[in-house]
Amino acid sequence: AQSVTQLGSHVSVSEGALVLLRCNYSSSVPPYLFWYVQYPNQGLQLLLKYTTGATLVKGINGFEAEFKKSETSFHLTKPSAHMSDAAEYFCAVSARRGGYNKLIFGAGTRLAVHP
Amino acid sequence: DGGITQSPKYLFRKEGQNVTLSCEQNLNHDAMYWYRQDPGQGLRLIYYSQIVNDFQKGDIAEGYSVSREKKESFPLTVTSAQKNPTAFYLCASSIELIAGTQYFGPGTRLLVL
């Protein structure tokens, strides 16, 4: 079984500061890991995903995430926050094994960016 | 442009009424999904479908029904049995069911009158 914990339901940063959104997962099998972003009253947009291979994954809008198996983490970072990054971010996990394994979402982290 | 469309954007339901939310995709994806989103709870899976004429219950299927008569379409009906239907409903699709990246529509917000 898989689960996802996002540490901090709300994160606030200043424009130009580092963005760090934390995600820890639990999975009994090798995972697929995802980060999605949601702007108000809109659907979810895929930021990046980890399947296999390189553990540092680069996504859209300057975001990246690193898969750390030993820490069961997949934290999302961006070196310099922009006002347009204000949104809700969801981490998700699914199992990398045959058969259907649903996507499990974390509860989300709302990012606020201040001038 | 390929994508997923959901309609309507807002839907109002009267007590005892069934309402249907539309989801259409032109991505040629085999798998489709319905999620419910409530504040602070992330997304919860209602139903999913791997192929036409096949669908399976997710975690919170009670009070909902679906059909998959065409590859492109996966409508969700919120029945009168769903006692707390107020939520944001998201449809998604993926190339394949197994570990396929899911792409989401813009959502439908359902409100109860």
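Going by the structure above, here's the rest.
As the structure is a computational prediction, the values presented were derived from the model and not from experiment.

Novice: Go over the overall build of chain B, please, and point to the residues and values.
Specialist: Counting its regular elements, chain B contains 0 helices and 11 strands. Each helix (α) and strand (β) of chain B, taken in turn from the N terminus, gives the series β-β-β-β-β-β-β-β-β-β-β. Taking 113 residues into account, the globule formula puts the C-alpha radius of gyration at 13 Å, and chain B, at 13 Å, falls close to it. In terms of principal-axis extent, the alpha carbons of chain B reach across some 35 × 30 × 25 Å. Residue pairs at least 24 apart in sequence account for 53% of intrachain contacts in chain B once pairs closer than 6 positions are excluded.

Novice: Mind laying out the overall build of chain A, listing which residues take part and the relevant values?
Specialist: A count of helical and extended segments in chain A gives 0 helices and 11 strands. Counting helices and strands in the order they occur from the N terminus, chain A gives β-β-β-β-β-β-β-β-β-β-β. At 14 Å, chain A has a C-alpha radius of gyration in line with the 13 Å of a compact globule built from 115 residues. Principal-axis analysis of the C-alpha atoms gives chain A an extent of 45 × 30 × 20 Å.

Novice: Provide a residue-level description of the pattern of salt bridges, including the pertinent values.
Specialist: Going through the model one piece at a time under the given rule, you end up with 6 salt bridges over all chains. Linking Lys58(A) and Glu64(A) is a salt bridge whose minimum nitrogen-to-oxygen distance equals 2.7 Å. Under the relative-accessibility criterion, Lys58(A) is labelled exposed at 60%. Put simply, Arg44(B) and Asp38(B) hold a salt bridge, and the shortest N to O gap is 2.8 Å. Residue Asp38(B) is classed as buried on the basis of its relative accessible area, which comes to 12%.

Novice: Go over the sheet that holds strand β7 (residues 64–66) of chain B with me, naming the residues and quoting the values.
Specialist: Whether parallel or antiparallel, the strands of a sheet pair through hydrogen bonds between backbone atoms. Residues and elements named next belong to chain B. Strand order in the open sheet made by the 4 strands is β1-β3-β8-β7, with antiparallel pairing throughout. Strands with a single pairing partner mark the edges of an open sheet, and in this sheet they are β1 (4–7) and β7. Sheet twist, expressed as the mean angle between neighbouring strand axes with direction ignored, is 20 degrees.

Novice: Break down the nonpolar core for me, with residues and values.
Specialist: Trp35(A), Leu47(A), Leu48(A), Phe74(A), Leu76(A) and Tyr89(A) are the most contacted members of the largest nonpolar core, which has 26 residues in total. Those elements giving two or more residues to this core turn out to be β3 (19–26), β4 (31–38), β5 (44–50), β7 (64–68), β8 (73–78), β9 (87–95) and β11 (109–114) of chain A. If near-sequence neighbours (up to four positions away) are discounted, Leu48(A) is found in contact with Leu33(A), Phe34(A), Trp35(A), Val57(A), Lys58(A), Gly59(A), Phe63(A), Glu64(A), Ala65(A), Phe74(A) and Leu76(A). Of all hydrophobic cores here, the second largest spans 20 residues; its members include Cys23(B), Trp34(B), Tyr47(B) and Ile60(B).

Novice: Run through the sheet that holds β3(A), naming residues and quoting values.
Specialist: Residue and element names in this part refer to chain A. Across the sheet, 5 strands lie side by side as β1-β3-β8-β7-β6; this open sheet has antiparallel pairing. Because the sheet does not close on itself, it has two edges, and the strands there are β1 (3–7) and β6 (56–58). This sheet shows a mean twist of 20 degrees between the axes of neighbouring strands, independent of strand direction. Bridge count between β7 and β8: 5 bridges; the pairing is antiparallel. Bridge pairing in β8 links lysine 68 to serine 73.

Novice: So what's going on with the state of the cysteines? Which residues, and what values?
Specialist: Residues and elements named next belong to chain B. Per the counting criterion, the structure on display carries 2 disulfides over all chains. Between the sulfur of cysteine 23 and that of cysteine 91 lies a disulfide, 1.9 Å long from S to S. Disulfide cysteine 23 to cysteine 91: torsion about the S-S bond roughly -70 degrees, handedness left-handed. Residue cysteine 23 is located in strand β3 (residues 19–25), and its partner cysteine 91 is located in strand β9 (residues 87–94); the two are separated by 68 residues in the primary sequence. Classification of cysteine 91 by relative accessible area gives buried; the value is 0%.

Quick notes on the rules
Sequence order as written defines the numbering, with residues in each chain counted from 1. All chains are assigned letters beginning at A, and all ligands numbers beginning at 1, according to the order in which they are written. Totals for whole chains, interfaces and linings use all residues, but because this is a predicted model, local features are given only for residues with pLDDT of at least 70 and pairs of side-chain atoms are given and counted only at 80 or more. To get the side-chain values, take all heavy atoms of the structure and skip hydrogens and water. Numbering of helices and strands runs from the N terminus, with a helix taken as a DSSP run of H or I at least four residues long and a strand as a DSSP run of E at least two residues long. The size measure is the radius of gyration over C-alpha atoms, and the globule rule it meets is 2.2 Å times the number of residues to the 0.38 power. Throughout, a residue-residue contact means that at least one pair of heavy atoms, one from each residue, lies within 4.5 Å. Whenever Lys or Arg places a side-chain nitrogen within 4 Å of a carboxyl oxygen from Asp or Glu, that contact is recorded as a salt bridge. The classification of residues rests on relative accessible area computed with a 1.4 Å probe and restricted to protein chains. Under 20% of the type maximum is buried, over 50% is exposed, and intermediate values are partly exposed. Strand pairing is assigned whenever DSSP identifies at least 2 bridges connecting the two strands. Throughout, an axis means a line fitted to C-alpha atoms (over the contacting stretch in the case of helices), and angles, computed between N-to-C directions, take values from 0 to 180 degrees. The set of buried Ala, Val, Leu, Ile, Met, Phe, Trp, Tyr and Cys residues whose side-chain atoms join them within 4.5 Å is what this entry labels a nonpolar core. When two cysteine sulfur atoms lie within 2.5 Å, the pair is treated as a disulfide.

Remember, this is a structural readout, not a statement about activity or role.
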